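Architecture and fold: a report
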Amino acid sequence: QLLTDANSWWSLALNPVQRPEMFIIGAQPVCSQLPGLSPGQRKLCQLYQEHMSYIGEGAKTGIRECQHQFRQRRWNCSTVDNTSVFGRVMQIGSRETAFTYAVSAAGVVNAISRACREGELSTCGCSRAARPKDLPRDWLWGGCGDNVEYGYRFAKEFVDAREREKNFAKGSEEQGRALMNLQNNEAGRRAVYKMADVACKCHGVSGSCSLKTCWLQLAEFRKVGDRLKEKYDSAAAMRITRQGKLELANSRFNQPTPEDLVYVDPSPDYCLRNETTGSLGTQGRLCNKTSEGMDGCELMCCGRGYDRFKSVQVERCHCRFHWCCFVRCKKCTEVVDQYVCK
Amino acid sequence: NWMWLGIASFGVPEKLGCADLPLNSRQKELCKRKPYLLPSIREGARLGIQECRSQFRHERWNCMVATTTSTQLATAPLFGYELSSGTKETAFIYAIMAAGLVHSVTRSCSAGNMTECSCDTTLQNGGSPSEGWHWGGCSDDVQYGMWFSRKFLDLPIRNTTGKESRVLLAMNLHNNEAGRQAVAKLMSVDCRCHGVSGSCAVKTCWKTMSSFEKIGHFLKDKYENSIQISDKTKRKMRRREKDQRQTPILKDDLLYVHKSPNYCVENKKLGIPGTQGRECNRTSGGADGCNLLCCGRGYNTHVVRHVERCECKFIWCCYVRCRRCESMTDVHTCK
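No experiment lies behind these values; they were computed from the predicted model shown.

1. What to know about the sheet that holds strand E9 (residues 286–287) of chain A
All names here are of chain A. Ordered by their spatial adjacency, 3 strands build an open sheet running E9-E11-E10, and the pairing between neighbours is antiparallel. Across the chains shown, the open sheet's two edge strands, defined by having one partner strand only, are E9 and strand E10 (306–322). With 2 bridges connecting them, E9 and strand E11 (residues 326–341) associate as antiparallel partners. By the bridge assignment, Cys-287 is partnered in E11 with Tyr-339.

2. A few points about the side chain of Ser-139 of chain B
Residues and elements named next belong to chain B. Along the chain, the position of Ser-139 falls in the loop between strand E2 (133–135) and helix H5 (142–158). Judged by its relative accessible area of 1%, Ser-139 is buried. Separated by 2.8 Å, the side chain of Ser-139 and the backbone nitrogen of Lys-207 make a polar contact. Beyond its immediate sequence surroundings of up to four residues, Ser-139 is in contact with Ser-110, Cys-119, Asp-120, Leu-123, Trp-206 and Lys-207.

3. Focus on the packing of aromatic side chains
One pass over the structure, following the stated rule, counts 22 aromatic pairs over all chains. A ring pair is formed by Tyr-306 of chain A and Tyr-339 of chain A, whose centres lie 5.6 Å apart and whose planes are at 85 degrees; its orientation type is edge-to-face. In this pair, Tyr-306 of chain A sits in strand E10 while Tyr-339 of chain A sits in strand E11, placing the two residues 33 residues apart along the sequence. Taking relative accessible area as the criterion, Tyr-306 of chain A reaches 27% and is therefore assigned partly exposed. Owing to a relative accessible area of 12%, Tyr-339 of chain A belongs among the buried residues under this scheme. Arranged with centres 4.8 Å apart and planes meeting at 85 degrees, the rings of Phe-56 of chain B and Tyr-223 of chain B form a pair that is edge-to-face. Of this pair, Phe-56 of chain B sits in the loop between helix H2 (38–55) and helix H3 (81–84) while Tyr-223 of chain B sits in helix H7 (residues 212–224), placing them 167 residues apart in sequence. On the accessibility criterion, Phe-56 of chain B (0% relative accessible area) is buried. Taking relative accessible area as the criterion, Tyr-223 of chain B reaches 7% and is therefore assigned buried. Connected via pairs of aromatic rings, a cluster forms that spans Trp-10, Phe-70, Trp-75, Phe-86, Phe-99, Tyr-101, Tyr-232 and Tyr-270 of chain A. When the ring centre of Tyr-152 of chain A is taken as reference, the NZ or CZ atom of Arg-189 of chain A above it lies at 5.9 Å. Over the ring of Tyr-223 of chain B we find Lys-88 of chain B; its NZ or CZ atom is 5.0 Å from the centre of that ring.

4. Some thoughts on a nonpolar patch on the surface
On the surface, Val-312, Val-314 and Val-335 of chain A cluster together into a nonpolar patch covering about 280 Å² of accessible area. With respect to the helices and strands, the residue Val-312 of chain A is situated in strand E10.

5. Let's talk about the state of the cysteines
Applying the stated criterion across every chain, the model contains 22 disulfides over all chains. In this model, Cys-271 of chain A is linked to Cys-302 of chain A through a disulfide, with the two sulfur atoms separated by 2.1 Å. Sign of the S-S torsion, about -90 degrees for the bond between Cys-271 of chain A and Cys-302 of chain A, identifies this disulfide as left-handed. Of this pair, Cys-271 of chain A sits in the loop between strand E6 (262–263) and strand E7 (273–274) while Cys-302 of chain A sits in the loop between helix H10 (297–300) and E10; the two residues are 31 residues apart in sequence, bridging distant segments of the chain. According to the relative accessible area criterion, Cys-302 of chain A is partly exposed, its value standing at 23%. Here Cys-52 of chain B engages in a disulfide with Cys-63 of chain B; their sulfurs sit 2.0 Å apart. Looking down the S-S bond of the Cys-52 of chain B and Cys-63 of chain B bridge, the torsion is 105 degrees, so its handedness is right-handed.

6. Regarding the interface of chain A and chain B
Taken residue by residue, the interface counts 16 residues in chain A and 21 residues in chain B. Interface area, chain A with chain B, both sides summed: about 1,500 Å², of which 43% is carbon and sulfur. When the buried area of chain A at its contact with chain B is split by residue, Phe-253, Asn-254 and Glu-298 of chain A rank highest and sum to 32% of it. Taken together, the links from chain A to chain B amount to 1 salt bridge. Put simply, Glu-230 of chain A and Arg-282 of chain B hold a salt bridge, and the shortest N to O gap is 3.4 Å. Summed over the shared surface of chain A and chain B, the result is 11 residue pairs in polar contact (both at pLDDT 80 or more). Put simply, the parts of the chain that give the side of chain A that touches chain B at least two residues each are helix H9 (221–233) and H10 of chain A. Among the elements that take part in the side of chain A that touches chain B, H9 of chain A stands out by supplying 3 residues, more than any other.

What counts, and where the lines are drawn
Residues numbered from 1 in each chain as written. Chains lettered and ligands numbered in written order. Predicted model: local features only at pLDDT ≥ 70, side-chain atom pairs only at ≥ 80, totals over all residues. Heavy atoms only, no water. Pairing = 2+ DSSP bridges. Helix = DSSP H or I, 4+ residues; strand = E, 2+ residues; numbered from the N terminus. Buried < 20%, exposed > 50% of the residue type's maximum accessible area, 1.4 Å probe, protein only. Polar contact = N/O pair within 3.5 Å; in protein donor to acceptor, adjacent residues only side chain to side chain. Contact = heavy atoms within 4.5 Å. Phe/Tyr/Trp six-rings, centres within 6.5 Å; stacked < 30°, edge-to-face > 60°. Lys NZ or Arg CZ within 6 Å of the ring centre and 35° of its normal. Patch = residues over 30% accessible without salt bridge, like charges linked within 9 Å, V, L, I, M, F, W, Y side chains within 5 Å. Areas by Shrake-Rupley, 256 points an atom, 1.4 Å probe, with all protein chains shown as cover. Salt bridge = Lys/Arg side-chain N within 4 Å of Asp/Glu carboxyl O. Disulfide = S-S within 2.5 Å. Buried area = accessible area lost by both parts, 1.4 Å probe.

Structure representation (structure tokens):
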């Protein structure tokens, strides 16, 4: 079993990071007390104290998106504790690990880019992206765009620090895992960078479009998550060569691009609780009796079967507007069948 | 199992006597008495297998037949686990194979290949003179096909000694009949006009079976809406769900006893190959999509090169010259 650090900077998502003002008082102790940082990341923390809360926000965004994308899967991106965040599952170089690294890195790019635009960080401001060539001539390129360039560069520096600061034996499993992480971090960053697009606003008398101003804007993070989920489904199985490079486990398949996810280990089946793999199992999970997909009871419960129980759902109904001015609704209760894996 | 006759690699009747074919004793006896029936039976089996593969080619269970050596033919089940499992797949197999037999035997009757049957003689006269048409041509004698199918398939099941579950036997008999009913239900009327310059002065009509593909679609629909019956059946089959027992079971419904496995992962004991390596459609949300077909395991992508003749030109005189065009396509296969 490949052993990597149980700690990760993702834990910043689960432990509140103090506002930048707190760093002024005692910079050294605060950075040194943040859990899950590698030595290089700790140095960056001291240099860029005000960035840390946004890195925490980015990690939180990544985890939340992961839990959305995997909500109907056996492994549903559960967090197990505040230090290792996802537990031992991340020690396996699986597709799930690949997705998690990518979406967390994407979350950081997203958060830092936005913080720049909002003027929260002293070392960056509005995007300085050049005016797109296909923008109509009479539209203005201005406004304050999300600074994706800075977000990308900073996320690269911070997120990749753990892998870059170590020396691995050439061709070792540890090196293979580190290269996998670097590739997946990069794929996550590129997803945000490439999906940033032009947004425009009209100005003029009564909202007419006599004047139009455009700027660079981040895509909704849900769209980034959807794209990375697609990459997860088509991730490439790799292995480490004796020369210390990753190569396709099966040369028949397409070579991965820098935007693709890669993995080095097969996934566990996540069916049963397993302390070794860190799998929580699917016992007690809700499932969809009529679905043929992964959320269906047959696949979610791994053929173990499911129990049925009735649950009462309360909804607002028969809403009516009353002059003037409030809306009054009644409460409707409905008994619904729910299915839970045995 | 008689279904092996539908496999192309199997020998032709002349090379193998009735005793050598994978039939039960009653079927062998029938074969000896009426050897002219053998081509129709073989064609019926082939029709059933081919249609099953066609209807399920994009599904997790894709109706692949077992491969085995010829020495095992008599005892090896053609469809493996699916034939005896009592699942929806079992129901479809029995129905489509019975329908295939009806279809091919009836077609042989109409083609004049059989001595015992021909066109449907009850439709030789009559019609509707007031509406301007009358029966003529050769109407398919589906009644003979159904009678033969019952005789060939159902009697051996009915006479099986009690080692198999009675409910499974009843289920198989019912599903055989559902397949036959599908053929009968989808009969249609074809007509042709006769008269000066193609006018419709006289119109002749005849009854004909639908294409077997249409019958396959019909049964696939029945499969999707098949009914689970209780495995504690006494004398009459009843629905498993208590609150639905008042709804009657129709003659053309497909019935099953046991829930199907998910067919996702290889299970050598059951002969389930799993979906690894299956080609899937990346952009589809349906059963052929990578998400469902690969059971969430993801997919691999590789490039396939196609070479075609294109830009063909006729050169006087006289040949056609074409260029070779290559195109590259991404193919996705389940992990």
